[in-house]
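Structural overview
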Amino acid sequence: MAGRTVAVVGATGAVGQELLSVLDQREFSIGQLRLLASSRKNGRTINFRGKDIPVEAATPESFEGVDLVFSAAGGSVSKELAPKAVEAGAVVIDKSSAWRYEDHIPLVVPEVKGDDVASHQGIIACPNCSTIQMVVALGPIHREHPIDRVVVSTYQSVSGAGAGAMLELGAQSEAIVGGDDPEIDVLPRQIAFNVIPEVETFRPEDGYTSEEWKMANETRKIMHAPDMRISATCVRVPVYRGHSEAVSVEFSEPVSAAEVREILSGASGVKVVDDISNGAYPTALDAAGNDDVWVGRIRDDVSTDNGVVFWVVSDNLRKGAATNAVQIAELL
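The present account deals with the structure reproduced in this document. Just so you know, these numbers come straight off a predicted model, no measurement behind them.

You can see His224 is positioned in the loop between helix H6 (210-222) and strand E9 (229-236). By relative accessible area, which is 45% here, His224 ends up partly exposed. The sequence separation of His224 and Lys113 amounts to 111 residues, and the corresponding C-alpha distance is 8.6 Å. The contacts of His224, once residues within four sequence positions are left out, are Lys113 and Asp116.

In this section: the pattern of salt bridges. One pass over the structure, following the stated rule, counts 15 salt bridges. Between Lys319 and Glu111 there is a salt bridge, and its shortest N-O distance comes to 2.8 Å. Placement of Lys319 in helix H9 (residues 318-331) and of Glu111 in helix H3 (residues 110-113) is noted, with a sequence separation of 208 residues between them. A salt bridge links Asp274 to Arg261; the nearest nitrogen and oxygen atoms lie 2.8 Å apart. Here Arg261 lies in helix H7 (residues 257-265) and Asp274 lies in the loop between strand E11 (270-272) and helix H8 (284-287), a separation of 13 residues in the sequence. For Arg261, a relative accessible area of 27% translates into the label partly exposed. Several salt bridges share partner residues, and in doing so they unite Glu18, Arg26, Arg241, Asp291, Asp315, Arg318 and Glu330 into one network.

Turning to unusual backbone geometry, a few remarks are in order. Although it is not a glycine, Glu27 sits at a positive phi angle of roughly 55 degrees. Residue position: Glu27 is located in the loop between helix H1 (14-25) and strand E2 (32-37). In this structure, His224 takes a positive phi of about 55 degrees despite not being glycine.

Calculation rules
- Residues numbered from 1 in each chain as written.
- Predicted model: local features only at pLDDT ≥ 70, side-chain atom pairs only at ≥ 80, totals over all residues.
- Heavy atoms only, no water.
- Helix = DSSP H or I, 4+ residues; strand = E, 2+ residues; numbered from the N terminus.
- Buried < 20%, exposed > 50% of the residue type's maximum accessible area, 1.4 Å probe, protein only.
- Contact = heavy atoms within 4.5 Å.
- Salt bridge = Lys/Arg side-chain N within 4 Å of Asp/Glu carboxyl O.

Rendered as structure tokens:
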């Protein structure tokens, strides 16, 4: 599809900006690019490959002649516009949660079940950022040694809550250092010099947050593992970019940390940094700005005969959002 017409919905947001950067870096072939956002962004220009492209208001009529749509806007916008784009003949790769749980819409992480893109009926969903990095690590292990149970605790950067949360972390930090009271607006509690065990909204029926529910249900769908038992605790931390996760996996039979390390060392999209004798393990700063899913601290779970624990870090705006979407487009 050389010369394809590509549209980016939500082009002015953090994920939309990252999408444009990844499309350029990966030299994705584009004949014409349309940048779409809310009407209040109408009239702005964004430079892409040396050309200033105007930002247009995203409307149901925006997709005539468009071949491929990257949707990086919210769920309500996607629910309204994605079907219109499909009716106009485009394929939509959507980053919101709007379509992830529809049975007929594939939820895709290319390194795990890339062939699922072939089943699309016009819309392909991208998973949640915290889910993506976990399944990139779980997928190759599960293929060799089926996983029965996963317990994960996340340490999620403020960029996962949008540009406003990033600004809030900076403003609160400056206020506290300057001896002033921090203002709390975007996140539910003070994030500077703090951690918040509330990512998205609490579900009254079970006490989990919607983010925790997403991690469990998306993982089962992506990995085609409907019976996998998963429990997540999602926490926001005062880091600008990069999500970190402590993952405990349990198998039906003994599997050693050495076996898991060997599998991950040869896995697509994974970078193993695991030499504690020399203080080598990945951090959020290592992952920021690149597309690898970094894994370290791989060790036997001393609480069970059949478990392994490891640490996973990835850039939530790149592999957790933009890069995953572009990889799907490359598969198409």
